[in-house]
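These are the residues of each chain, in order.
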Amino acid sequence: MEVKINKGIISLIQGDITKQDTEAIVNAANKTLLGGGGVDGAIHRAGGKAILEECIKIGGCETGEAVITTGGNLPAKYVIHTVGPVYRDGTRGEPDLLASAYRSSLTLASANNIKSISFPSISTGAYRFPLEQAAGIALQIAINYLHEHDYIELICFVLFGQDAFDAFEKKLGQLT
Ligand code: AR6
């Protein structure tokens, strides 16, 4: 599914983010930046040790913020590592922190002249953020960003399972 917003496109696909050839892919990392399971594990496995070495030098990342490394052996030139919130009960700033993780990643992409970027569904795996709410936040930030910035051409959401794809597809239909 694709939707044109201002000068850019939001695209939803089902697949593996490590295979994407957008200029940047986003990693759903943790604060240590030292790797883990899920998307993080897949990116470090496919990208090789250059990414981990850069992450060690950077030294960590706060929740809601983002940092950038090269893409190592990945098709993408860059990996933007962001840290989504661990979802507890929804009253601890989780929605704002998730929005901030997406916004910080897009801002960092712009600062590096990146025109195409792929996101996973941040925080909805090990960090247990409810999928439908997370999809709404992710898409709203992407829509707002494309309205405010003419430079980015493509924001792609790479959803791993049918449930995630369906949730994003439904929300994108509602929001556009
Ligand atoms: N491509 C795209 N999406 C994927 C892939 C992939 N290769 N693999 C998993 N997903 P998660 P989080 C989906 O757990 O919730 C790590 O250990 C997955 O199905 O990767 O932000 C980190 O080190 C789910 O929908 O990220 C942190 O400690 C979504 O990606 C912690 O997990 C996010 O799931 C971060 O947890």
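Check the entry above for the structure.
Scope of this entry: the structure provided in the associated data block. Treat the numbers as computed from the prediction; the structure is a model and nothing was measured. (Residues numbered from 1 in each chain as written. Predicted model: local features only at pLDDT ≥ 70, side-chain atom pairs only at ≥ 80, totals over all residues. Heavy atoms only, no water.)

Concerning the overall build of the protein chain
Here is step 1 of the chain: Helix and strand counts for the protein chain stand at five helices and seven strands.
Here is step 2 of the chain: Scanning the protein chain from its N terminus toward the C terminus, one meets helices and strands in the order β-β-β-α-α-β-β-α-β-α-β-α.
Here is step 3 of the chain: Its C-alpha radius of gyration of 15 Å places the protein chain within 12% of the 16 Å reference for a compact globule of 176 residues.
Here is step 4 of the chain: Expressed as lengths along the three principal axes of its C-alpha atoms, the size of the protein chain is roughly 40 × 35 × 30 Å.
Here is step 5 of the chain: Taking all 176 residues of the protein chain together, 46% fall into the buried category.
Here is step 6 of the chain: In the protein chain, of all internal contacts separated by at least 6 residues, the share reaching a separation of at least 24 is 69%.
Here is step 7 of the chain: Accessible surface for the protein chain amounts to roughly 8,100 Å². Of this, 51% is attributable to carbon and sulfur atoms.
Here is step 8 of the chain: Taking the 15 positively charged and 19 negatively charged side chains of the protein chain as two groups, their mean positions are separated by 3 Å. (Helix = DSSP H or I, 4+ residues; strand = E, 2+ residues; numbered from the N terminus. Rg over C-alpha atoms; globule rule 2.2 N^0.38 Å. Buried < 20%, exposed > 50% of the residue type's maximum accessible area, 1.4 Å probe, protein only. Contact = heavy atoms within 4.5 Å. Areas by Shrake-Rupley, 256 points an atom, 1.4 Å probe, with all protein chains shown as cover. Lys, Arg positive; Asp, Glu negative; His and termini not counted. Charge placed at Lys NZ, Arg CZ, Asp CG, Glu CD.)

Topic: the side chain of S105
Here is step 1 of the chain: Along the chain, S105 falls in helix α3 (residues 94–111).
Here is step 2 of the chain: With relative accessibility at 0%, the residue S105 sits in the buried group.
Here is step 3 of the chain: In this view, S105 contacts V26, A66, I80, T82, I117 and F119; residues no more than four positions away in its chain are not counted.

A short note on the site of the ligand
Here is step 1 of the chain: Surveying the vicinity of the ligand reveals 21 residues, the closest of which are N30, G37, D40, S123 and G125.
Here is step 2 of the chain: With respect to the ligand, the backbone of I17 contributes an N or O atom lying 3.0 Å from a nitrogen atom.
Here is step 3 of the chain: The backbone of V39 places a nitrogen or oxygen atom 2.8 Å from an oxygen atom of the ligand.
Here is step 4 of the chain: When the residues that make up the shell around the ligand are grouped by side-chain class, the tally is nine nonpolar, ten polar and two charged. (Near = heavy atom within 4 Å. Polar contact = N/O pair within 3.5 Å; in protein donor to acceptor, adjacent residues only side chain to side chain. Nonpolar A, V, L, I, M, F, W, Y, C, P; charged D, E, K, R; others polar.)

Observations concerning the pattern of salt bridges
Here is step 1 of the chain: For the coordinates displayed, the defined rule picks out four salt bridges.
Here is step 2 of the chain: Between D150 and K7 there is a salt bridge; the shortest N-O distance is 3.4 Å. Taken together, the residues span a long stretch of sequence, with D150 in the loop between α4 (131–148) and β7 (154–159) and K7 in the loop between β1 (2–5) and β2 (8–14) at a distance of 143 residues.
Here is step 3 of the chain: Using a relative accessible area of 47% as the deciding quantity, one classes D150 as partly exposed.
Here is step 4 of the chain: In this structure K7 comes out as exposed when scored by relative accessible area, which is 53%.
Here is step 5 of the chain: For E132, the salt bridge is made with K170, and the minimal N-O distance between the two is 3.9 Å. Within this pair, whereas E132 is found in helix α4, its partner K170 is found in helix α5 (residues 162–175), the two being separated by 38 residues in sequence.
Here is step 6 of the chain: Judged by relative accessible area, E132 falls into the partly exposed class, the value being 45%. (Salt bridge = Lys/Arg side-chain N within 4 Å of Asp/Glu carboxyl O.)

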